[in-house]
Amino acid sequence: MQLIDNKNIKILAGNKKFKKKVYKIFDDEVRNFLDTLSSQILKNKNALKYSDLIAFAFWIRKKNIDKKRNKYSENELRLGYGLAFHITPANIALQFAYSFVISLISGNSNIIRVTNSKFEQNKIFFKILNKIMKMNKFKQIYESNLFLNYDYNEKINETLSKICDCRIIWGSDKTISNIKKIPTHPLCKDIIFPDRYSISLINLNSISRLDKKNFEIFVKKFYQDALVFDQNACSSPHLIFWFGKKNKKNNYNKFWDQLNSAIKNGKFFIPNEKNKIDKFTKICEYAASRDEVKKVHNDSYSSRIEIKKIPKDIASLRVGFGFFFEHFTNNFKDIAKSVSSKFQTMTYFGFKEADLKKFVLEEKPLGVDRIVPVGRALEFDQLWDGYDLIRSMSKIIDLK
């Protein structure tokens, strides 16, 4: 398969003479390929500098992939959907790699548009990937998977949309709307991942019972959830629901002091002067125009607005750079009536799993597809945005 406009396309990995191939889900060759990729990343000295690349390497180990495989019946006759065309986000390093892996273990061939290759960890990834793809034992994977970089080009997108059997679209609502307008063949399936908004639910009494060491660990986990990608990840929290009342004894103020310290000394996100000005500007704007605002706090490292009630358009009030809204409550109903379908992940601390399950079954919130402990917001899995991605990206053959 020869692509058009080759002069406008940079091939990052794979064979330009692309051949579509379908695998069974969790194919042995695929599992061995991913395990080899994992071991080569973990051996690479440059890769060790990037925690997100190392996390990805652990995620694709055969042991972890096999845990996922065990959740699917061996009695199902399930194959990949065909050729998956991926449009991936520019603001998150390695998101394209997760999209590729999930589709590959679902049995698909893949053409992945990598919008932005400036991240150093992306460059390291492709250097290792190209080396492994050239191994003779992975020839079929080399021939049936292609990573491309090109500026937005409707003609290329149209060509790839016509030949694919499935489109995996990550991006803004505008990006997704534009791609969905491009026609596909009648059986082509779109799986979309639009802008989402995420929150955190923290029990003040529970964090107050933590000793110094465990409190520091808790704050570090929250920091990683929120600021590894500068709150750009859909699963990073922008709104905190505090259960309980703030006072000098319950570590509320200590939480913000510790978070500011983590930002100041952290390696993931250090706000520059422009970030600080942007946050201050937004605080002034919201304080002047929003009746829901109760109190504002501005710091060089984190900023926050305490709100009396949750604005209906809260999901559109994303600032980033360590900017949070916060609301105090003692009632799960407060959360249920506040979340819309735009809400994706709710991280939590100080709650029992049974209480959270009861919340979902009784309150039936319109939003929230994931509920995970603080520290696990960024853990990608085959269950995402309410999809079982393995089943969504593969087809079952009914044999009787």
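What counts as what
Once a new chain begins, its residue numbering starts again from 1 and follows that chain's sequence as written. Per-residue local features of the predicted model are confined to residues with pLDDT of at least 70, and side-chain atom pairs are confined, for both listing and counting, to 80 or more; whole-chain, interface and lining totals are unaffected and use all residues. The side-chain values count all of the structure's non-hydrogen atoms but skip hydrogen atoms and water molecules. Two strands qualify as a pair provided that DSSP identifies no fewer than 2 bridges between them. In this text, helices come from DSSP runs of H or I with a minimum length of four residues, and strands from runs of E with a minimum of two, each type numbered from the N-terminal end. What counts as an axis is a line fitted to C-alpha atoms, over the stretch in contact for a helix, and the angles between N-to-C directions run from 0 to 180 degrees. Whether two residues touch is decided by their heavy atoms; if any such pair falls within 4.5 Å, the residues are in contact. Here, a salt bridge means any side-chain nitrogen of Lys or Arg that lies within 4 Å of a carboxyl oxygen of Asp or Glu. Between buried and exposed lies partly exposed: a residue is buried under 20% and exposed over 50% of the maximum accessible area for its type, with that area taken using a 1.4 Å probe on protein chains only. Here a pair means two rings of Phe, Tyr or Trp (six-membered ring of Trp) with centres within 6.5 Å. Their orientation is stacked below 30 degrees between planes, edge-to-face above 60, and tilted elsewhere. We count a charge as sitting over a ring when the NZ of a lysine or the CZ of an arginine lies within 6 Å of the ring centre and within 35 degrees of the ring normal. Polar contacts, as counted here, are pairs of nitrogen or oxygen atoms within 3.5 Å of one another; within protein the pair requires one atom able to donate a hydrogen and one able to accept it, and residues that are adjacent in sequence qualify only if both atoms are side-chain atoms. Expected helix span is taken as 1.5 Å per residue step, with the number of steps being one fewer than the number of residues. Note that the arc is computed from the directions linking the helix axis to the C-beta atoms. The set of buried Ala, Val, Leu, Ile, Met, Phe, Trp, Tyr and Cys residues whose side-chain atoms join them within 4.5 Å is what this entry labels a nonpolar core.

**Student:** Would you explain the sheet that holds strand E9 (residues 237-243) in this entry?
**Tutor:** In a beta sheet, neighbouring strands pair by backbone hydrogen bonds and run either parallel or antiparallel. The mixed open sheet is built from 7 strands, whose spatial order is E10-E11-E12-E9-E8-E13-E14. Looking along the sheet, the strands with just one partner apiece sit at the ends: strand E10 (293-298) and strand E14 (370-373). Averaged over all pairs of adjacent strands, the angle between their axes in this sheet comes to 25°, without regard to strand direction. As judged from the 6 bridges shared by strand E8 (residues 197-203) and E9, these two strands associate in the parallel manner. Bridge pairing links Asn203 to Phe243 in E9. Where helix H10 (residues 212-227) meets the sheet, its contacts fall on E8, E9, strand E12 (323-329) and strand E13 (343-349), and the angle it forms with E9 comes to roughly 145°. Lying on the sheet, helix H12 (residues 273-289) is in contact with E10, strand E11 (303-307) and E12; it crosses E10 at an angle near 165°.

**Student:** Can you walk me through the pattern of salt bridges in this structure?
**Tutor:** Side-chain pairs of opposite charge can arise whenever the charged atoms involved come near each other. For the structure shown, the criterion picks out 22 salt bridges. Note that Arg31 and Asp66 form a salt bridge whose closest N and O atoms lie 2.8 Å from each other. Separated by 35 residues along the polypeptide, Arg31 in helix H1 (residues 28-43) and Asp66 in helix H3 (residues 62-69) bring together distant segments of the chain. The residues Arg31 and Asp66 share a single accessibility class, namely buried. The salt bridge involving Glu379 is made with Arg376; its shortest N-O contact spans 3.0 Å. Assessed through its relative accessible area of 39%, Glu379 is described here as partly exposed. Residue class for Arg376 comes out partly exposed when judged on its relative accessible area of 40%. What emerges from the salt-bridge pattern is a single network uniting Asp28, Arg31, Asp66 and Arg69.

**Student:** Could you clarify how one ought to interpret the packing of aromatic side chains in this entry?
**Tutor:** We describe a pair of aromatic rings using the distance from one ring centre to the other and the angle between the two ring planes. Here the structure, examined in full by the defined rule, presents 39 aromatic pairs. Taking the centre distance of 4.6 Å and the plane angle of 45° together, the rings of Phe218 and Phe349 count as tilted. Highlighted residues: Phe218 in helix H10 and Phe349 in strand E13, separated in sequence by 131 residues. Measuring from ring centre to ring centre gives 5.6 Å for Phe222 and Phe324, while their planes differ by 45°; the resulting arrangement is tilted. In this pair, Phe222 is assigned in helix H10 and Phe324 in strand E12, connecting sequence segments 102 residues apart. You can call Phe324 buried: its relative accessible area is 0%. Sitting above the plane of the Tyr23 ring, Lys21 keeps its charged end 5.0 Å from the centroid.

**Student:** Please explain the environment of Ser236 as it appears in this structure.
**Tutor:** With respect to the secondary-structure elements, Ser236 resides in the loop between H10 and E9. Residue class for Ser236 comes out buried when judged on its relative accessible area of 0%. Sequence-wise, Ser236 and Ile335 are 99 residues apart; in three dimensions their C-alpha atoms are separated by 17 Å. When sequence neighbours within four positions are dropped, the list of residues in contact with Ser236 reads Ser198, Asp225, Ala226, Gln231 and Leu378. In this structure the side chain of Ser236 is engaged in a polar contact, spanning 2.7 Å, whose partner is the backbone oxygen of Asp225.

**Student:** Looking at this model, I keep getting lost on the side chain of Ser106. Mind explaining?
**Tutor:** Mapped onto the secondary structure, Ser106 falls in the loop between helix H4 (95-105) and strand E4 (109-113). Note on Ser106: relative accessible area 0%, which makes it buried. Here Ile102 takes part through its backbone oxygen, which lies 2.6 Å from a polar atom of the side chain of Ser106. With sequence-adjacent residues up to four places away left out, Ser106 is seen in contact with Ile25, Leu79, Gly80, Leu389, Ile390, Met393 and Ser394.

**Student:** Which parts of the structure should I look at to understand H10?
**Tutor:** Every α-helix winds through 3.6 residues per turn, so residues three or four apart in the chain are directed the same way. Under the 1.5 Å per step criterion, the end-to-end length of H10 is 22 Å for 16 residues, consistent within 8% with the ideal 22 Å. Looking only at H10, the buried set comprises Phe215, Phe218, Val219, Phe222, Tyr223, Asp225, Ala226 and Leu227. The buried residues of H10 occupy one face: seen down the axis, they fall within an arc of 165°. Of the residues in H10, the exposed ones pointing more than 90 degrees away from the buried face are Lys213 and Lys220. Summarising the contacts, the buried residues of H10 are in contact with E8, helix H9 (204-208), E9, helix H11 (252-265), E12 and E13.

**Student:** I keep staring at unusual backbone geometry and nothing clicks. Help me out?
**Tutor:** Working note: non-glycine residues mostly have negative phi, and peptide bonds are mostly trans. Even without being glycine, Gln231 reaches a positive phi, approximately 60°. Positionally, Gln231 belongs in the loop between H10 and E9. Of the residues examined, Gln231 reaches a relative accessible area of 1% and is grouped as buried. One non-glycine residue with positive phi stands out, namely Asp385, at about 55°. Here Asp385 is to be found in the loop between strand E15 (383-384) and strand E16 (387-388). The exposure class assigned to Asp385 is buried, which follows from its relative accessible area of 12%.

**Student:** Looking at this model, I keep getting lost on the nonpolar core. Mind explaining?
**Tutor:** Nonpolar side chains in soluble globular proteins tend to be buried together. Counting residues in each nonpolar core, the largest one holds 53 residues, and the members touching the most others are Phe33, Ile41, Phe56, Phe125 and Phe147. Among the elements that make up this core, the one with the highest residue count is H4 (8 residues). Not counting the four nearest positions on each side in its chain, Phe147 is found in contact with Lys10, Ile11, Leu12, Ala13, Phe96, Phe100, Ile112, Val114, Phe126, Leu129 and Met133. By size, the runner-up hydrophobic cluster in this structure holds 51 residues, among which are Phe215, Leu259, Phe321 and Met346.

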